[in-house]
Amino acid sequence: MNAVADRAEILELFGRYADIADLKSFDALPALVHTDPLTIDFSSVTGMAPMTVPLDSYREALRGSFGAFKATHHAITGHVVTIDGDHATIHAHVRAEHWLPKELAGDGPDRWLVVGFYDNEAVRTPDGWRLTSVKLTAIHQENEHLAATTAAQAS
């Protein structure tokens, strides 16, 4: 257990986490980032209560949430990592932008912006660090109705 190596691996988790949506890597990356099951709290964006879900269910939710966007970009910065043995807490800033294709956006806006913070938890597993809990606190959004457009497209 090397604190510098642990911190580097935990920070890399956030890069992989962003890549799940930004690269539309819904099959391979979630298992490299998350535990199974994992706890998610996106209530500040979705209004849904926090929940613990199997990884396969989360994969499908990601596919449904992000699959219809022509592009997304999640910039996650300002990481504050606290490691206690095999457990870590991570606070980070996020600016997430999501662009709809013209056929879904129509004549309206095509970009949904979410600005806020992540307060996540990670655990050391035999395969390395994995996020066991993800909590997004949105402090600002623009065009949040576009998220519902993609959900309708997925169903």
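Just above, that's the structure.
Residues numbered from 1 in each chain as written. Predicted model: local features only at pLDDT ≥ 70, side-chain atom pairs only at ≥ 80, totals over all residues. Heavy atoms only, no water.

1. Quick word on the overall build of the chain
Okay, step 1: Helices and strands together make up the secondary structure of the chain, namely 6 helices and 6 strands.
Okay, step 2: When the helices and strands of the chain are listed from N to C terminus, the series reads α-α-β-α-β-α-β-β-α-β-β-α.
Okay, step 3: Against the compact-globule benchmark of 15 Å for 155 residues, the chain has a radius of gyration of 16 Å, which places it among compact chains.
Okay, step 4: Buried positions account for 37% of the 155 residues belonging to the chain.
Okay, step 5: Total accessible area on the chain stands at roughly 7,900 Å², and carbon and sulfur atoms take up 55% of it.
Okay, step 6: For the chain, the centre of its 12 positive side-chain charges and the centre of its 21 negative side-chain charges are spaced 4 Å apart. (Helix = DSSP H or I, 4+ residues; strand = E, 2+ residues; numbered from the N terminus. Rg over C-alpha atoms; globule rule 2.2 N^0.38 Å. Buried < 20%, exposed > 50% of the residue type's maximum accessible area, 1.4 Å probe, protein only. Areas by Shrake-Rupley, 256 points an atom, 1.4 Å probe, with all protein chains shown as cover. Lys, Arg positive; Asp, Glu negative; His and termini not counted. Charge placed at Lys NZ, Arg CZ, Asp CG, Glu CD.)

2. With respect to the layout of surface pockets
Okay, step 1: As a volume, the largest pocket reaches approximately 750 Å³.
Okay, step 2: Around the largest pocket, the lining comprises 32 residues; the ones closest to its centre are F42, T46, A61, S65 and F66.
Okay, step 3: With 7 residues, the top contributor of residues to the lining of the largest pocket is helix α4 (residues 55-66).
Okay, step 4: Looking at the lining of the largest pocket residue by residue, the class counts come to 24 nonpolar, 7 polar and 1 charged. (1 Å grid on protein atoms, 1.4 Å probe; cavity = no way out; pocket = protein on both sides within 12 Å on 5 of 7 lines; lining within 4 Å. Points joined across faces, edges and corners; volume = space filled by probe spheres on them. Nonpolar A, V, L, I, M, F, W, Y, C, P; charged D, E, K, R; others polar.)

3. With respect to the nonpolar core
The nonpolar side chains of a soluble globular protein tend to be buried with one another.
Okay, step 1: One finds Y17, F42, Y58, I76, I90, Y118 and L131 to be the most contacted residues of the largest nonpolar core, which totals 38 residues.
Okay, step 2: Contributions of two or more residues to this core are made by α1 (3-22), α2 (29-33), β1 (34-41), α4, β3 (71-84), β4 (87-99), β5 (111-125) and β6 (128-142).
Okay, step 3: Looking at this core element by element, the count peaks at 7 residues for α1.
Okay, step 4: What Y58 contacts, discounting residues up to four positions off in sequence, is Y17, H34, L38, I40, F42 and V53. (Core = buried A, V, L, I, M, F, W, Y, C linked by side-chain atoms within 4.5 Å. Contact = heavy atoms within 4.5 Å.)

4. Looking at the side chain of D41
Okay, step 1: Residue position: D41 is located in strand β1.
Okay, step 2: Within the buried core, D41 has no salt-bridge partner, and the shortest N-O distance to an opposite charge, that of K135, equals 4.3 Å.
Okay, step 3: Apart from the residues within four sequence positions on either side, D41 is in contact with P50, V134, K135 and L136. (Salt bridge = Lys/Arg side-chain N within 4 Å of Asp/Glu carboxyl O.)

5. Quick word on the side chain of H74
Okay, step 1: As for its position among the elements, H74 is in strand β3.
Okay, step 2: Within the structure, H74 has its side chain in polar contact with the side chain of D22 (distance 2.7 Å).
Okay, step 3: In contact with H74, other than residues within four places in its own chain, are A18, A21, D22, F66, R95, A96 and H98. (Polar contact = N/O pair within 3.5 Å; in protein donor to acceptor, adjacent residues only side chain to side chain.)

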